[in-house]
There are 2 protein chains.
Amino acid sequence: MDKPKLADVAERAGVSLTTVSRVLNNRGYIGDKTRKKVHAAMKELNYYPNEIARSLFIKKTYIVGVIFPTTNNPFYGQLIYHLENFCEALGYKVLLCNSGGREDKERAYLEMLQSHQVDGIIAGAHNRGIDIYQRSKMPIVGVDRYLADHIPIVSSDNYRGGVMATEHLIDRGCKHVLHINGQLSLETPANLRRNAYEETMKQKKMPYQTYETVGDYISRMFDENPKIDGVFASDDLIAARVIREANKRGMRVPENLKVIGYDGADMTRMLLPELTTIKQPIKEMAEEAVRLLMNQINEVENPTVANITLPVQLIQGKTT
Amino acid sequence: MDKPKLADVAERAGVSLTTVSRVLNNRGYIGDKTRKKVHAAMKELNYYPNEIARSLFIKKTYIVGVIFPTTNNPFYGQLIYHLENFCEALGYKVLLCNSGGREDKERAYLEMLQSHQVDGIIAGAHNRGIDIYQRSKMPIVGVDRYLADHIPIVSSDNYRGGVMATEHLIDRGCKHVLHINGQLSLETPANLRRNAYEETMKQKKMPYQTYETVGDYISRMFDENPKIDGVFASDDLIAARVIREANKRGMRVPENLKVIGYDGADMTRMLLPELTTIKQPIKEMAEEAVRLLMNQINEVENPTVANITLPVQLIQGKTT
DNA sequence: ATAAATATGTCAACCGGTTGACATATTTAT
DNA sequence: ATAAATATGTCAACCGGTTGACATATTTAT
């Protein structure tokens, strides 16, 4: 037996197609008894209206595509969680796309999302040079990521966070502060943290060096800098690795080495609460991203492209 | 200007609708020149075929609904990551549903997924008594969760894991081993870990007690058990809390107190590698779940309902 | 030279809903 | 008593594709 359709419900309830449609969409006049009959018929038949058919006609799917590298990460996992929650609250569903940092996957996902007629996209994937972002007129919001000139970005104050982290280590007495960051070539806003570190150090006339996360960068950093006494890691996972390596080398944190991370996601704070970190307002970032997207979806013309930058916060732990 | 449709492509390429459709679906005979013309027209118009319209006709969406409490958790974040990857590899998209442990949300999501005509559902949410699972004839797989008699379950060997964890603590010399687990009433397979703990202790004629994660259970556990020297926590997050509280109380881990967790998700192992834990094969669980789902989706009749139980592994850290 | 294969077209029905126009009957308000 | 509001129906077009039947023209194989 096939899935029941609107016509089956109408027959069962002894009313016309139009009447069932009216009940479903709450349009026009419907009598109480009729409404109940229709609902009863839907229940008896285990009927669920076909959203695909509806979407086709109304040209709206109430689906938002969400493209990020992975959910398997404290920061993205939390961000995606909140994105989904805010979307759900507004009646939108989320199509999850893990790009895994691969440009080909991101491109394929973007095409898929367009084909699937999503109402909008929230993206924070890694790759540049994807022209679809340029060409697309679809509502899009970037989270912590520049995608195209006309696409608004939600991020937290990466530069300020970088300054806070660096100054914090200096305030705590560090003389040789090193920084670890992703590859410069990725052109992410995380580079602002690096700029902030380097400019702050320069300004204080202290030596500085940034290690990029390639190869065995942590060992190399320790080997090349015997006097190291402070590390600003551009995310908490890296900070955890640094602490582990330091312990392995017999250095005590925070006595001999102070370490500050970045992100301050819920799961990190549960598992590693002693880590000093710069906390990004992840939930608020998700909220703003959804808000900006809905502005674009609902405003017919002229959605104001205003980038949003949210404040970060230093969480003092026991590693600095 | 509206989105281009098939007819626009046909006009642009100077061919018929049918020909464009043939190119799109690779059906029947198509000449090389025509194919190229059509592809050129699609590119020029920035055309993406409307999957919604296609889905309606072929009665297949290539969408899988994925219902779990949250992505904001090392275990689920990783599981969902792999689920998405395996689905993507097979040409299926993932609709993400975070039930947040709320029955009403789970129910609403299930209805939504049916309406959206998803081809199948993979669920590991918390609530029982949702009759939709019983009634539904849709392909469904439960991960670590009983949903209905006819729905296959993928899980890891929770009982064995519980035995391994308990015996490990005893082997390491613990005399007073306590267990922390979620509420029994949730009826999750994690209860098997509890059973394993209790039966193992009973068999060794050692005193045992399980604390459920309600209220200030950790403080209570320590207060009520001054001789406590071992804790088997039913997940790693709880284990992290236990270690923290122990340190706060001046107990040294593992000298005075040995702690073993459960799950061994990637992120936990990165942030807290020193934790001894029972590692679930999360990626393999995702793989099996997708495999079982595809079996149901593709087999017309008589999909064999075989539950899958995968082996767990003890990861020796420094907390035991 | 002829049949088969290849290439493309026209046409109409269909997927499962929504919507507007219009008709008709009944109930409610003044 | 009469107009307006309420309740329901019929009908047809539409959303943007797919598909099968059939026609016709050209190319390829024997």
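Our subject is the structure listed above.
**Concerning the pairing of strand β9 (residues 258-263) of chain B**
Residue and element names in this part refer to chain B.
Line of reasoning, step 1. The element β9 is largely enclosed, with a buried count of six among its six residues.
Line of reasoning, step 2. As defined by bridge partners, strand β8 (residues 230-233) adjoins β9 across three bridges and the pair is classed as parallel. Bridging across to β9, Gly-230 finds its partner in Lys-258.
Line of reasoning, step 3. Each parallel crossover has a hand, and the one from β8 via helix α11 (residues 236-248) to β9 is right-handed.
Line of reasoning, step 4. Sheet analysis places β9 next to strand β10 (residues 276-279), joined by four bridges and oriented parallel. From the neighbouring strand, Gly-261 faces β10, where its bridge partner is Thr-277.
Line of reasoning, step 5. In this region the chain leaves β9, passes through helix α12 (residues 266-271) and returns to the parallel neighbour β10; the handedness of that crossover is right-handed.

**Regarding the interface of chain B and chain A**
Frequently, the measure chosen for interface size is the accessible area removed from exposure when the parts meet.
Line of reasoning, step 1. Chain B puts 58 residues into the contact, and the matching count from chain A is 58 residues.
Line of reasoning, step 2. Taken over both partners, the interface formed by chain B and chain A buries close to 5200 Å², and the fraction arising from carbon and sulfur atoms is 61%.
Line of reasoning, step 3. Three residues, B:Tyr48, B:Ile52 and B:Leu271, lead the burial of chain B against chain A; their summed loss comes to 15% of the area buried on that side.
Line of reasoning, step 4. Of the charged contacts in the structure, one is a salt bridge between A:Glu88 and B:Lys105, with a shortest N-O distance of 3.8 Å.
Line of reasoning, step 5. Across the contact surface, chain B and chain A share 22 residue pairs in polar contact (both at pLDDT 80 or more).

**What to know about the sheet that holds β9(B)**
Strands pair in a sheet through their backbones, by hydrogen bonds, and they do so in one of two ways: parallel or antiparallel.
Residues and elements named next belong to chain B.
Line of reasoning, step 1. With mixed pairing, six strands are arranged side by side in an open sheet as β7-β6-β8-β9-β10-β12. Two strands in the sheet have a free side with no partner beyond their single neighbour: β7 (210-212) and β12 (313-315). Neighbour-to-neighbour, the strand axes of the sheet open up by a mean angle of 20 degrees, direction not taken into account.
Line of reasoning, step 2. Here strand β6 (residues 177-181) pairs with β7 via three bridges, running parallel. Across the sheet, residue Asn-181 finds its bridge partner in β7, namely Glu-212.
Line of reasoning, step 3. Against the sheet, helix α9 (residues 190-203) engages β6, β7, β8 and β9, with an angle of about 165 degrees to β6.
Line of reasoning, step 4. Against the sheet, helix α10 (residues 217-224) engages β6, β7 and β8, with an angle of about 150 degrees to β7.

**Side note on the relation of the copies chain B and chain A**
Line of reasoning, step 1. Structural alignment of chain B on chain A gives an RMSD of 0.0 Å, achieved by rotating through 180 degrees and translating 0.0 Å along the axis. Within this description, the copies of the chain are treated as partners about a two-fold rotation axis. If distances are taken from each C-alpha of chain B to the rotation axis, the shortest is found for B:Leu95, at 2.3 Å.
Line of reasoning, step 2. Same-surface contact between copies: 100% of interface residues of chain B are shared with the interface of chain A.

Quick notes on the rules
- Counting restarts for each chain, with residues numbered from 1 along the sequence as it is written.
- Just so you know, chain letters begin at A and ligand numbers begin at 1, following the order they were written in.
- Note on the predicted model: pLDDT of at least 70 is required for a residue's local features to be given, and 80 or more for side-chain atom pairs to be given and counted; whole-chain, interface and lining totals, by contrast, use all residues.
- Water and hydrogen atoms were dropped before computing side-chain values, which therefore reflect all heavy atoms in the structure.
- Relative accessibility thresholds used throughout: buried, under 20% of the residue-type maximum; exposed, over 50%; partly exposed, between the two (1.4 Å probe, protein chains only).
- Runs of E in the DSSP output that reach at least two residues are strands. Runs of H or I that reach at least four are helices, and both are numbered from the N terminus.
- Strands are treated as partners if at least two bridges between them are detected by DSSP.
- Handedness of a crossover: with both strands directed away from the viewer, a clockwise path from the first strand across the helix to the second marks it as right-handed.
- The contact rule is simple, with two residues in contact once any of their heavy atoms fall within 4.5 Å.
- Here the quantity called buried area is the total loss of accessible area, with a 1.4 Å probe, experienced by two parts when brought into contact, counted for both.
- Take a side-chain nitrogen of Lys or Arg and a carboxyl oxygen of Asp or Glu: if they are within 4 Å of each other, that pair is a salt bridge.
- Think of a polar contact as two N or O atoms within 3.5 Å of one another; within protein, one of them needs to be a possible hydrogen donor and the other a possible acceptor, and neighboring residues in sequence only count if both atoms come from side chains.
- Axis definition: a line fit to C-alpha positions, over the contact stretch in the case of helices; interaxial angles, taken between N-to-C directions, run 0 to 180 degrees.
- In superposing the copies, a least-squares fit is computed on C-alpha atoms, taking residues whose pLDDT is at least 70 in both.

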